[in-house]
Amino acid sequence: MSKGRFGIHGGQYIPETLMNAVNDLEKAYNFYKNDEQFNRELTALYNEYAGRPSLLYYAEKMTNDLGGAKIYLKREDLNHTGSHKVNNALGQALLAKKMGKTRLIAETGAGQHGVATATVAALMGMECEIFMGKVDCERQALNVYRMELLGAKVHPVTSGTMTLKDAVNETFREWVSRIDDTHYLLGSVMGPHPFPTIVRDFQAVISREIKAQILEKEGRLPDAVIACVGGGSNAIGAFYNFIEDQDVRLIGCEAAGLGVDRPENAATMANGRLGIFHGMKSYFCQDEFGQIAPVYSISAGLDYPGIGPEHANLRDTGRAEYVPITDEEAVQAFEYLSRTEGIIPAIESSHAVAYALRLAPTMNKDKIIVINISGRGDKDVAAIARYRGVDIHD
Amino acid sequence: MIKLNQAFRNKKAFIAFITAGDPDLETTEKLICRMAESGVDLIEIGIPFSDPIAEGTVIQEADLRALAGGTTTERIFDMVERIRGDISVPLVFMTYCNVIFGYGTEKFTARCEAIGMDGLIVPDVPYEEKEELLPYCRAHGLELVSLVAPTSHDRIKTIAANAEGFLYIVSSLGVTGVRSEITTDIGQIVSLAKSVSDIPCAVGFGISTPEQAKAMADKADGIIIGSAIVRIIAKYGRDCIEPVTEYIRSIAAALAD
């Protein structure tokens, strides 16, 4: 019967054609996750190729400027390829290779997951095709070219809203057409079981490192961990090893676009309701008839109408909190961190920074906040310039 | 309620799919009536969904046209209610899980029963998840159709043994849409299914020509055609009734041979 549940969420709501593929994936994963050789290879890739462990950096200027809690930044932006996405891409590609697959396909929103997948495909000598909404191809043109440089074929998706959800639709359609040699390297903690679990396990390295690093630097656990959420992979990675530590607040920041009371937002926790889509039961932005809503965010990576099932359950149980952050707040945070610490965060991660700007001053100086800087912002510079009305040639 | 297996009495069944509300519900209503008179044995009425992941471009575009034209689940229910008394063949809804769940599964299936629907086909609810719908279908006299695919292998017998209505055999890998050839060994899937159940087997995905229809029907109990009809509707819009009828008759004639 139904597998992969987080409370009432999760499951495997997919066409029959894919059932044996996800069952095979589950079997392979259950074997390799405990396989010493696999784990040795993956750790070597993390450390020697991706540059792990990533730094936990004390943001002293920001801390002093805000005058409240001590702020640490988990520097996933320093990973090879520039975001946390490489953690999962390496893990799944290695798994796919062990399963005898020779071709990787993936969806991408901002292009970070597409770049990570194209990178590991190049490294492991696998064929790679990336599906990306046409609108996103335009707003993240640099990443499209990066993927092509890495040897991937990029398919601009012209169906529906031409953004992340449509890219996911199209990647599922491609997978149904060609399963034998192909692994769908899903980029977030979403989709049918076992993807939410596999992606979470590969991203959990983030909180494993944060825990060890903060204990070394401060001798205690943080009071809050803040991360942005679209599908929720960097957030679950940053939260996972703290779930059992009830005193650590876990805060996910979702994209409110132009505002939660405007149609142009992607705030699933604020505005969504329970639904079944993209293989999972979870919360989705949708209308009264279950039609998926056309969401919006300045951040292509958070521009998604759903959220991973484990997050949905963390909200149901009250273990994690989710807050909406507008485009404007995220852009201000993007500029703030650039100016204050000399670190240009991804516009996605800037949603988490924005909430920290609000939260830190309300906390005592002996408190500690960790913000997961899930990616770097080079890819966003042109879009932010446009947002500010500056014309640069990108 | 009409049992879906009625469509398979004495002959190879011809099952036809159209997207409700494409180009508008008035045309859909006329099409359903006309198809039932022209040799179709069971009609699949597609409730459009914003993100139909099992569909190729032909049906995706039909769904989006229907939704853009203001088609809703409620209006489709009202349309079926108006015509159900005039139609003697079984009627099923084909839609995605969230359309049912979002409306409220109990409310949806109760309304289906009230307007005289006979079954549901939901491509994103596989065997493992059918408890999501089955108790509600049972309570409201709807048969929940199961699908098997070329990749189902060891799953075919389990699915067939528990299937109701008819077994929907997906002919090929990939999404719905017209194909020039179908290479899957349909006969083998049918014989595996028949080894555990006397469930009628119908083949869909990719069938468009009378020759393909005949060839597939020879290997199974019936055939399902969707995209080829929806493509005619897309081409002729509100003037599609006659060309669709002509097409339907050509398929029905091939199956009667």
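The structure we're discussing is the one just above.
Please read all numbers here as calculations on a predicted model, not as lab measurements.

Draft legend 1. How the structure looks around the pairing of strand S8 (residues 222-225) of chain B. Residue and element names in this part refer to chain B. What you see with S8 is no split at all: Gly222 and Ile224 on one side and Ile223 and Ile225 on the other are buried throughout. With 4 bridges joining them, strand S1 (residues 13-19) and S8 adopt parallel strand pairing. Directly across from Ala16, in S8, lies its bridge partner Ile225. Relative to S8, strand S7 (residues 201-204) is paired through 2 bridges, and the arrangement is parallel. Bridge pairing in S8 links Val203 to Ile223. Regarding topology, helix H9 (residues 210-219) serves as the crossover connection from S7 to the parallel S8, and that connection is right-handed.

Draft legend 2. Representation of the interface of chain B and chain A within the structure. Listed by partner, the interface residues are 41 residues for chain B and 38 residues for chain A. For the pairing of chain B and chain A, the buried interface totals around 3,100 Å² over both sides, and the portion due to carbon and sulfur atoms is 54%. For chain B, the biggest contributors to the area lost against chain A are Asp51, Ile53 and Glu129 of chain B; these three give 20% of the whole. Where chain B packs against chain A, one counts 4 salt bridges. With its nearest N and O atoms 2.6 Å apart, the salt bridge here joins Lys165 of chain A to Asp51 of chain B. Taken together, the links from chain B to chain A amount to 25 residue pairs in polar contact (both at pLDDT 80 or more).

Draft legend 3. Layout of a nonpolar patch on the surface. All names here are of chain A. A surface patch of nonpolar side chains, about 290 Å² in accessible area, is lined by Ile344, Val381, Val390 and Ile392. By secondary structure assignment, the location of Val381 is in helix H16 (residues 381-387). Judged by its relative accessible area of 36%, Val381 is partly exposed.

Draft legend 4. Main features of unusual backbone geometry. Residues and elements named next belong to chain A. Geometrically, the link from Arg52 to Pro53 is a cis peptide bond, its omega value of -10 degrees lying close to zero. With an omega dihedral of 10 degrees, the bond running from His193 to Pro194 counts as a cis peptide bond. Looking at the element boundaries, Pro194 is found in the loop between strand S8 (182-184) and helix H9 (195-203). One non-glycine residue with positive phi stands out, namely Thr81, at about 80 degrees. Among the secondary structure elements, Thr81 is positioned in the loop between strand S4 (70-75) and helix H4 (85-98). On the accessibility criterion, Thr81 (5% relative accessible area) is buried.

Draft legend 5. Up close: the sheet that holds S4 of chain A. All names here are of chain A. Ordered in space as S3-S4-S14-S9-S10-S13, the 6 strands form an open sheet in which the pairing is mixed. Pairing within the sheet leaves two strands with one partner each, and these edge strands are strand S3 (56-58) and strand S13 (320-326). With strand direction ignored, the average angle separating the axes of adjacent strands in the sheet is 30 degrees. Note that S4 and strand S14 (residues 368-373) share 6 bridges and pair parallel.

Draft legend 6. Spotlight on the nonpolar core. Counting 188 residues, the largest nonpolar core has Phe93 and Phe166 of chain B as the members making the most contacts within it. With 8 residues, helix H1 (residues 16-32) of chain A is the largest single contributor of residues to this core. Setting aside anything within four residues of it in sequence, one finds Phe93 of chain B in contact with Ile45, Ile47, Ile76, Phe77, Val80, Phe108, Cys112, Ile115, Met117, Gly119, Leu120 and Ile121 of chain B. Grouped together as the second largest cluster of nonpolar side chains are 33 residues, Ala224, Ile226, Val323 and Ile371 of chain A included.

Draft legend 7. Spatial organisation of the side chain of Lys379 of chain A. All names here are of chain A. Structurally, the position occupied by Lys379 is in the loop between S14 and H16. For Lys379, a relative accessible area of 7% translates into the label buried. At 2.8 Å, the side chain of Lys379 forms a polar contact with the side chain of Glu348. In terms of polar contacts, Lys379 uses its side chain to reach the side chain of Asp380, at 2.7 Å. Beyond its immediate stretch of four places on either side in the chain, Lys379 contacts Ala110, Gln112, Gln140, Leu142, Asn143, Ala346, Ile347 and Glu348.

Draft legend 8. Examining the packing of aromatic side chains more closely. Per the stated rule, a full pass over the model turns up 20 aromatic pairs over all chains. Geometrically, the ring pair formed by Tyr29 of chain A and Phe202 of chain A is edge-to-face, given 5.9 Å between the ring centres and 80 degrees between the ring planes. Residue Tyr29 of chain A is located in helix H1, and its partner Phe202 of chain A is located in helix H9; the two are separated by 173 residues in the primary sequence. The residues Tyr29 of chain A and Phe202 of chain A share a single accessibility class, namely buried. On the basis of an interplanar angle of 20 degrees and a centroid distance of 5.6 Å, the ring pair of Phe49 of chain B and Tyr96 of chain B is categorised as stacked. Taken as a pair, Phe49 of chain B in the loop between strand S2 (42-46) and helix H2 (57-68) and Tyr96 of chain B in the loop between strand S3 (91-94) and helix H4 (97-103) lie far apart in primary sequence, 47 residues in all. Each member of the pair, Phe49 of chain B as well as Tyr96 of chain B, is classed as buried. Within the aromatic cluster, the residues linked to one another by ring pairs are Phe289 of chain A together with Phe77, Phe93, Tyr103 and Phe108 of chain B. Its guanidinium or amino end placed over the ring of Tyr283 of chain A, Arg315 of chain A lies 4.5 Å from that ring's centre, counting from NZ or CZ. The ring of Tyr103 of chain B is capped by Lys107 of chain B, whose NZ or CZ atom sits 4.5 Å from the centre of that ring.

Draft legend 9. Region of the structure containing the packing of H4 of chain A against helix H5 (residues 112-124) of chain A. Residue and element names in this part refer to chain A. Contact geometry for H4 and H5: axes closest at 9 Å, N-to-C directions at 40 degrees. As far as their axial angle goes, H5 and H4 are oblique. Of the two elements, H4 crosses H5, and the hand of that crossing is right-handed. Along the contact surface, H4 presents Lys85, Val86, Asn88, Ala89, Leu90, Ala93, Leu94 and Lys97, while H5 presents Gln112, His113, Ala116, Thr117, Val120, Leu123 and Met124.

Draft legend 10. Layout of the environment of Ala141 of chain A. All names here are of chain A. By the secondary structure assignment, Ala141 is in helix H7 (residues 141-149). Ala141 gets classed as partly exposed once you look at its relative accessible area, which sits at 40%. Sequence separation between Ala141 and Gly252 is 111 residues, and the spatial gap between their C-alpha atoms is 28 Å.

Draft legend 11. Just the pattern of salt bridges, in detail. Going through the model one piece at a time under the given rule, you end up with 50 salt bridges over all chains. Across the salt bridge formed by Glu127 of chain A and Arg178 of chain A, the nearest N and O atoms sit 3.9 Å from each other. Of this pair, Glu127 of chain A sits in strand S6 (residues 127-133) while Arg178 of chain A is found in the loop between helix H8 (164-177) and S8, placing the two residues 51 residues apart along the sequence. Close ionic contact of Glu143 of chain B with Lys3 of chain B constitutes a salt bridge, the shortest N to O distance being 3.8 Å. With a gap of 140 residues between them, Glu143 of chain B in strand S5 (residues 143-148) and Lys3 of chain B in the segment before S1 connect regions that are remote in the sequence. Connected through shared salt-bridge partners, Arg103, Glu127, Glu129, Glu174, Arg178 and Asp181 of chain A make up one network.

Conventions used here
- Residues numbered from 1 in each chain as written.
- Chains lettered and ligands numbered in written order.
- Predicted model: local features only at pLDDT ≥ 70, side-chain atom pairs only at ≥ 80, totals over all residues.
- Heavy atoms only, no water.
- Buried < 20%, exposed > 50% of the residue type's maximum accessible area, 1.4 Å probe, protein only.
- Helix = DSSP H or I, 4+ residues; strand = E, 2+ residues; numbered from the N terminus.
- Pairing = 2+ DSSP bridges.
- Right-handed = clockwise from strand over helix to strand, strands pointing away.
- Contact = heavy atoms within 4.5 Å.
- Buried area = accessible area lost by both parts, 1.4 Å probe.
- Salt bridge = Lys/Arg side-chain N within 4 Å of Asp/Glu carboxyl O.
- Polar contact = N/O pair within 3.5 Å; in protein donor to acceptor, adjacent residues only side chain to side chain.
- Patch = residues over 30% accessible without salt bridge, like charges linked within 9 Å, V, L, I, M, F, W, Y side chains within 5 Å.
- Areas by Shrake-Rupley, 256 points an atom, 1.4 Å probe, with all protein chains shown as cover.
- Axes fitted to C-alpha atoms, helices over the stretch in contact; angles between N-to-C directions.
- Core = buried A, V, L, I, M, F, W, Y, C linked by side-chain atoms within 4.5 Å.
- Phe/Tyr/Trp six-rings, centres within 6.5 Å; stacked < 30°, edge-to-face > 60°.
- Lys NZ or Arg CZ within 6 Å of the ring centre and 35° of its normal.
- Parallel < 35°, antiparallel > 145°, perpendicular 65-115°, else oblique.
- Left-handed = near helix turned anticlockwise from the far one by under 90°.

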